[in-house]
Amino acid sequence: MALILVGLSHHTAPIEVRERLSCSGHDLPDSLSDLASLPGFQEAVVLSTCNRLEIYAATANLKASEAYQAICQHLARFHHVPEPAFTPFLYKKSESDAIMHLLRVASGLDSLVLGEAQILGQVREALRAAQSASTAGSLLTALFQQAITSARRIQNETTLTRGAFSIGHAAVSLASQIFADLSRATVLILGAGKMSELTARHLQASGVRFIVVANRTYDRAKAMAQQLGGEAIHYDRFPERLTQADIVIASTAAPHPIIHRATLQPVLRRRRGKPLFLIDIAVPRDIAPDVYNLENVFLYNIDDLQAVVAEAARERASEASRAESIVCEEVEKFVIWYRGREAVPVIASLRERLEQIRQDDLAVLRARLSHLSEREWQAIETATRAMMNKVARTPILRLKQETEQQMALNGARYDLMSAAREIFGLGNETESLRTDEEDTTPAKQKITSSASSAVSSSTEVI
Amino acid sequence: MSAAMLTGLALAFYLLATVCYTAGIFLRAAASPAIFPISTTHSITHFGRPLVLAGIALQFAAIGVWCVTTHRTPFASNFGTLSLTAWAMAMAFLILDWRINLPAVGVVTLPAACVALFLGILKSRAPLVESPLLTGQLVSMHVLAVLFSFGLLTVAAICSALYMVQNRQLRRHHVRGMLRRLPPLETLDRTAYQAVAFALPLLTLGILLGFTRVFGDGLAHSPVEWLRDPHVLTSLAAWLLYVFYLGSRLAAGWRGVRVQYILLVGFVVLLAIYFVPTTTHRFE
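Residues numbered from 1 in each chain as written. Chains lettered and ligands numbered in written order. Predicted model: local features only at pLDDT ≥ 70, side-chain atom pairs only at ≥ 80, totals over all residues. Heavy atoms only, no water.

S.K.: I'm lost on the overall build of chain A in this one. Help?
M.R.: Within chain A, the regular secondary structure consists of 17 helices and eleven strands. Expressed as a percentage of the 462 residues in chain A, the buried residues total 52%. A separation of at least 24 residues holds for 72% of the contacts in chain A among residues at least 6 apart in sequence. When the accessible surface of chain A is totalled, it reaches about 20,700 Å², and 52% of it is carbon and sulfur. (Helix = DSSP H or I, 4+ residues; strand = E, 2+ residues; numbered from the N terminus. Buried < 20%, exposed > 50% of the residue type's maximum accessible area, 1.4 Å probe, protein only. Contact = heavy atoms within 4.5 Å. Areas by Shrake-Rupley, 256 points an atom, 1.4 Å probe, with all protein chains shown as cover.)

In structure tokens, the structure reads:
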């Protein structure tokens, strides 16, 4: 069985192409069924997000080029898009490259925002959809589960997926350094813009319950207040609300600052030392810089917040190399398991052959020893079966161990397996496996070359 | 086992607890990117509390052993007084930590308790004080109340100091390293307030018991002699500062940086009580 990946992402395709091939939730079962019905396709999983569309397939008795071609045709047919419109943006990977790619994707290493955790849920969802459509078999299920395990390991062992990455996250983090309980904090939003709404939503997600919105156009303030479950006030009334507010998000389109030192001084006297967190995300600024020096006031403008975000991103980037090495370890584990699966048909053939020999000999014996009772025959049956199992036990165990060890150590070909085929005359039974191997020789050579070679991932654009 | 040995063991436990709290904060800070606060505590921090508890138990045993072997109250020596001060600080921290989980406060409070204990151990062989002034339940209660209020006020001062550090780094937009593990400003402010709210009645009680002992039992030839003592005057000044702090919090609702200054000045005055010359609290 061969592992194939065809896909496109924000790295290779513009949004115009990605949106044409996007596969929404209700289209997914049909797409999966269509893929699974393609000749030679045994398993299929479709990972479709706003940044990528990827098709993972397990094929048998099919050349890699034929599999890629079949997937391209499926995409064109299913999405009603001519092939030339998207094929230049596709990447194709197979075997260890495909495994490595999925593990990196699930960990957020291939994401637009490095380390974002949302992709893990999407990977899990893709597997669940394929399992519901019965297109995920043992290979792809194991692969996706390995990807999930790898992503979890990275979450636990590195800080790649932790920390803030947006202005909203940074605002929440800073607010948590000031206020013990955000559910008691009151947020005053000045300017009903998209950014202020996003920041407020982040604060809401962290427990903030009281939100007051002021905007020059009262209707917009009202609309945003409704969306956030807050209260709308007229713009000219905001100074009096500063006394109750704990967090102020300023994001108006005013050309000059609307909050000055003089505005805040009487407010601060009334607040009696209660901290005031001012988030100024407007450009030009809504809050005059002379406010910085006021006691118990913490003013962060867009540059300050972006510096916070950049700091987090820098630390996250340094974590990426640790995450990459975890991915390599997990790929290695999976490749060993994956290659170990090839011993299964040899073992099955060996068992079959031994059983056949036993049955043949028992038939001859039955003719010669017809005087034996049924009870005695049962004892002979049990003894011969036990003998067969004892004979088969060591070769089977050695086959499994050797396959795994050789892969782990140097990726050498399976000499013992070849020997087993020769000794027990199992050549014909594993013919299909060999044909399959020949079809995907370059990829398999990569897998078996060495443990470290399994790490390097190459992208080939069709 | 001697009192000094038990105290030494308690010191070791406090030091271990400090290591746990520090390591917990350090490991969490290292495992969390950039300037962001860390919501959870590292598992190693959880060992801190049992270690503090063990230290407190050992110190209790040490003080008991000391009283039994010397047939004196613990206040008859600097060892006993310093040991009780450390005990009060550890107790105050443990209670607050149990309520609010403040490993960062432990990182500062426990070493302070260790310093007091260490100084106490150094003076454990000093001769005992023989003075009729130190006998009687009133004196014992006076000293205990004052020492426990000192323990709580030390924790309050540590919270205030951490508040100032946190306030400074937030205002400078520079929250990094282990300092990310500091509790929120509001938590530090509230903890300091709660510590003072418990300490001030104890301090008041201690001062009142002292006056009762002196004037009620006729120990003072002249009340002016006692009231002129810099030690007593400094104590009264500290008491007034804390009354002012609590009054400003309760009546005027003051919070923030300025009230932290009051607590820090109050702590300096508390320390001064130990160092100012005294005319009436000399028992040699």
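Let us keep going from here.
S.K.: Whenever I open this one, the overall build of chain B confuses me. Can you help?
M.R.: The helix and strand tally for chain B stands at nine helices and zero strands. In sequence order, the secondary structure elements of chain B are arranged as α-α-α-α-α-α-α-α-α. For chain B, the residues scored as buried account for 50% of the 284 residues in total. By sequence separation, contacts in chain B at least 24 residues apart represent 81% of the contacts at least 6 residues apart. By element, 71% of the accessible surface of chain B is carried by carbon and sulfur atoms, the whole surface being about 12,800 Å².

S.K.: Just to check I follow, could you spell out the sheet that holds strand 9 (residues 276–280) of chain A for this structure?
M.R.: Remark on secondary structure: sheet strands pair via backbone hydrogen bonds, oriented parallel or antiparallel. Residue and element names in this part refer to chain A. If you trace the six strands from one edge of the open sheet to the other, you get 7-6-5-8-9-10, paired in parallel fashion. Looking at the sheet topology across the chains shown, the edges are occupied by strand 7 (231–234) and strand 10 (297–301). Within this sheet the neighbouring strands show an average axis-to-axis angle of 20 degrees, counted without direction. Relative to strand 8 (residues 247–250), strand 5 (residues 186–190) runs parallel, the two being bridged by four bridges. By the bridge assignment for strand 8, Leu-188 is matched with Val-248. (Pairing = 2+ DSSP bridges. Axes fitted to C-alpha atoms, helices over the stretch in contact; angles between N-to-C directions.)

S.K.: Quick question: what am I supposed to make of the pattern of salt bridges here?
M.R.: Should the charged atoms of two oppositely charged side chains come close, the side chains can pair. Residue and element names in this part refer to chain A. Taken as a whole and assessed by the stated rule, the structure comprises 23 salt bridges over all chains. Glu-319 is the salt-bridge partner of Arg-322, the closest N and O atoms lying 3.0 Å from each other. Here Glu-319 and Arg-322 lie together in helix 12 (residues 302–340), a separation of three residues that amounts to about one turn. Among the residues examined, Arg-322 registers a relative accessible area of 40% and is labelled partly exposed. Overlapping salt bridges, with partners in common, bring together Arg-52, Glu-54, Arg-104, Asp-110 and Glu-324 in one network. (Salt bridge = Lys/Arg side-chain N within 4 Å of Asp/Glu carboxyl O.)

S.K.: How do you make sense of the nonpolar core when you look at a structure like this?
M.R.: Nonpolar side chains in soluble globular proteins generally cluster together in the buried interior. Within the largest apolar cluster, 102 residues are counted, with the highest numbers of intra-cluster contacts made by Ile-189, Ile-247, Ile-249 and Phe-277 of chain A together with Tyr-14, Val-52 and Val-105 of chain B. Among the elements that make up this core, the one with the highest residue count is helix 5 (residues 137–171) of chain B (15 residues). Discounting chain neighbours no more than four positions away, the residues touching Ile-189 of chain A are Ser-196, Ala-200, Ile-211, Val-212, Val-213, Ala-214, Met-224, Leu-228 and Ile-249 of chain A. Ranked by size, the runner-up nonpolar core spans 71 residues in total, among them Leu-38, Tyr-56, Ile-71 and Leu-75 of chain A. (Core = buried A, V, L, I, M, F, W, Y, C linked by side-chain atoms within 4.5 Å.)

S.K.: Can you help me understand the packing of helix 8 (residues 194–205) of chain A against helix 9 (residues 218–228) of chain A in this one?
M.R.: Geometrically, a packed helix pair is captured by the angle between its two axes and the distance between the axes. All names here are of chain A. For the pair helix 8 and helix 9, the least separation of the axes is 11 Å and the interaxial angle reads 25 degrees. Our classification of the angle between helix 8 and helix 9 gives roughly parallel. Two packed elements cross with a definite hand, and for helix 8 against helix 9 that hand is right-handed. Listed contacts from helix 9 to Ser-196, Glu-197, Ala-200, Arg-201 and Gln-204 of helix 8 are Met-224, Gln-227 and Leu-228. Here the residues of the contact of helix 8 with helix 9 sort into three nonpolar, three polar and two charged. (Parallel < 35°, antiparallel > 145°, perpendicular 65-115°, else oblique. Left-handed = near helix turned anticlockwise from the far one by under 90°. Nonpolar A, V, L, I, M, F, W, Y, C, P; charged D, E, K, R; others polar.)

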